[in-house]
Amino acid sequence: MTNTAQVRGDSGPEAAALVAGQVVDVPDFPKPGIVFKDLTPLFSDGRAFREVVDAIVAHHGAGSFDVVAGIEARGFVLAAAIAYATGTGVVPIRKAGKLPRDTFSASYALEYGEATLEVHQDAFVAGQRVLVVDDVLATGGTAGAALELVERAGGAVSGFSVVMELGFLDGRARLSPRTVHALLTV
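Description of the structure in this document.

Reading guide: rules and limits
- Residues numbered from 1 in each chain as written.
- Predicted model: local features only at pLDDT ≥ 70, side-chain atom pairs only at ≥ 80, totals over all residues.
- Heavy atoms only, no water.
- Helix = DSSP H or I, 4+ residues; strand = E, 2+ residues; numbered from the N terminus.
- Rg over C-alpha atoms; globule rule 2.2 N^0.38 Å.
- Buried < 20%, exposed > 50% of the residue type's maximum accessible area, 1.4 Å probe, protein only.
- Contact = heavy atoms within 4.5 Å.
- Areas by Shrake-Rupley, 256 points an atom, 1.4 Å probe, with all protein chains shown as cover.
- Lys, Arg positive; Asp, Glu negative; His and termini not counted.
- Charge placed at Lys NZ, Arg CZ, Asp CG, Glu CD.
- Phe/Tyr/Trp six-rings, centres within 6.5 Å; stacked < 30°, edge-to-face > 60°.
- Expected span 1.5 Å × (residues − 1).
- Salt bridge = Lys/Arg side-chain N within 4 Å of Asp/Glu carboxyl O.
- Core = buried A, V, L, I, M, F, W, Y, C linked by side-chain atoms within 4.5 Å.

Right, let's talk about the overall build of the protein chain for a bit. Helix and strand content of the protein chain: six helices and nine strands. Its C-alpha radius of gyration of 16 Å places the protein chain within 12% of the 16 Å reference for a compact globule of 186 residues. With the C-alpha coordinates of the protein chain rotated into their principal frame, the extents come out at 45 × 40 × 30 Å. Looking at the protein chain residue by residue over its 186 residues, the buried ones come to 46%. Counting contacts in the protein chain only where the partners sit at least 6 residues apart, residues at least 24 apart contribute 57% of the total. Counting only carbon and sulfur atoms, one obtains 51% of the accessible surface of the protein chain, whose full area is about 8,700 Å². Across the protein chain, the 15 positively charged side chains and the 21 negatively charged ones have centroids separated by 1 Å.

Right, let's talk about the packing of aromatic side chains for a bit. Evaluated as defined, the whole model comprises two aromatic pairs. With 5.3 Å between their ring centres and 85 degrees between their planes, Phe 29 and Phe 36 make a pair best called edge-to-face. Note on Phe 29: relative accessible area 42%, which makes it partly exposed. Ring centres of Phe 43 and Phe 49 lie 5.6 Å apart, and the angle between their planes is 80 degrees; this geometry places the pair in the edge-to-face category. On the accessibility criterion, Phe 49 (16% relative accessible area) is buried.

Attention now moves to helix H4 (residues 74-86). In this model, H4 (13 residues) spans 19 Å end to end at C-alpha, consistent with the 18 Å of a helix rising 1.5 Å per residue. By the burial criterion, the buried members of H4 are Gly 75, Leu 78, Ala 79, Ala 81, Ile 82 and Ala 83. Tucked inside the fold, the buried residues of H4 contact helix H2 (40-44), helix H3 (46-60), strand E3 (67-71), strand E4 (89-95), strand E7 (129-137) and strand E8 (156-165). At the exit of H4 stands Gly 87, carrying a positive phi of roughly 70 degrees.

Here we take up the pattern of salt bridges. Where charged atoms from two side chains of opposite charge approach closely, those side chains can pair. Counted according to the given criterion, the structure contains ten salt bridges. Measuring nitrogen to oxygen at the nearest pair gives 2.3 Å for the salt bridge that ties Asp 135 to Arg 74. On the criterion of sequence distance, the pair formed by Asp 135 in strand E7 and Arg 74 in helix H4 is long-range, its members being 61 residues apart. Note on Asp 135: relative accessible area 4%, which makes it buried. Put simply, Glu 148 and Arg 152 hold a salt bridge, and the shortest N to O gap is 3.3 Å. Of this pair, Glu 148 and Arg 152 both sit in helix H5 (residues 141-152), four residues apart, which is roughly one turn of the helix. Given a relative accessible area of 37%, Glu 148 falls into the partly exposed group. One connected set of salt bridges, linked through shared partners, spans Asp 10, Glu 165 and Arg 172.

On to unusual backbone geometry, then. Glu 72 connects to Ala 73 through a cis peptide bond whose omega is -5 degrees. With respect to the helices and strands, Ala 73 occurs in the loop between E3 and H4. A cis geometry characterises the amide bond from Ser 176 onward to Pro 177, with omega recorded as 15 degrees. Along the chain, Pro 177 falls in the loop between helix H6 (171-175) and strand E9 (181-185).

Of all hydrophobic cores here, the largest spans 33 residues; its most connected members are Val 19, Leu 39, Val 52 and Ile 82. Elements that contribute at least two residues to this core include exactly helix H1 (13-20), H2, H3, H4, E7, E8 and E9. Not counting the four nearest positions on each side in its chain, Leu 39 is found in contact with Val 19, Val 23, Asp 135, Val 136, Val 163 and Met 164. Core analysis: the next-biggest nonpolar cluster, separate from the first, contains 25 residues, Ala 69, Ile 93, Ala 145 and Leu 149 among them.

So this is what it looks like as structure tokens:
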């Protein structure tokens, strides 16, 4: 588990400590030298997961978005829960080749390779306000590609939230001038 002694996040120390207490570091995954931040213990703890969803909804405010877009794969878990809690829809932003209809795609560099994301071309009504969510913000490549896809598909990004930000990788700066909301920054 991550050390909770000095935690910080955009929704205050309580939310940050909640997340920090649920994170498991997995060394050398998905490749040697990478320390993967596993949030599945948080997702499996009903009370903690509800508090995370509630904190994201409280930050953005009910009614500030029309649909939630989740970035593959753990972002799907968050997006579905947030959409359910707010009575909005959910849109998946997927890895290349996983969506059945015409898509927009964006390629980007990861901290350990390259990847491509896609979204259906008709995923959003023109101007629809979209809250984009994911589990972790690292270098900002995945998030930047996802935000670009939302706009290319006609959506208007109304917010971007993550459960955890790896601040030392400077993803927030790469997404500037967009605002990033992170429950925990390490």
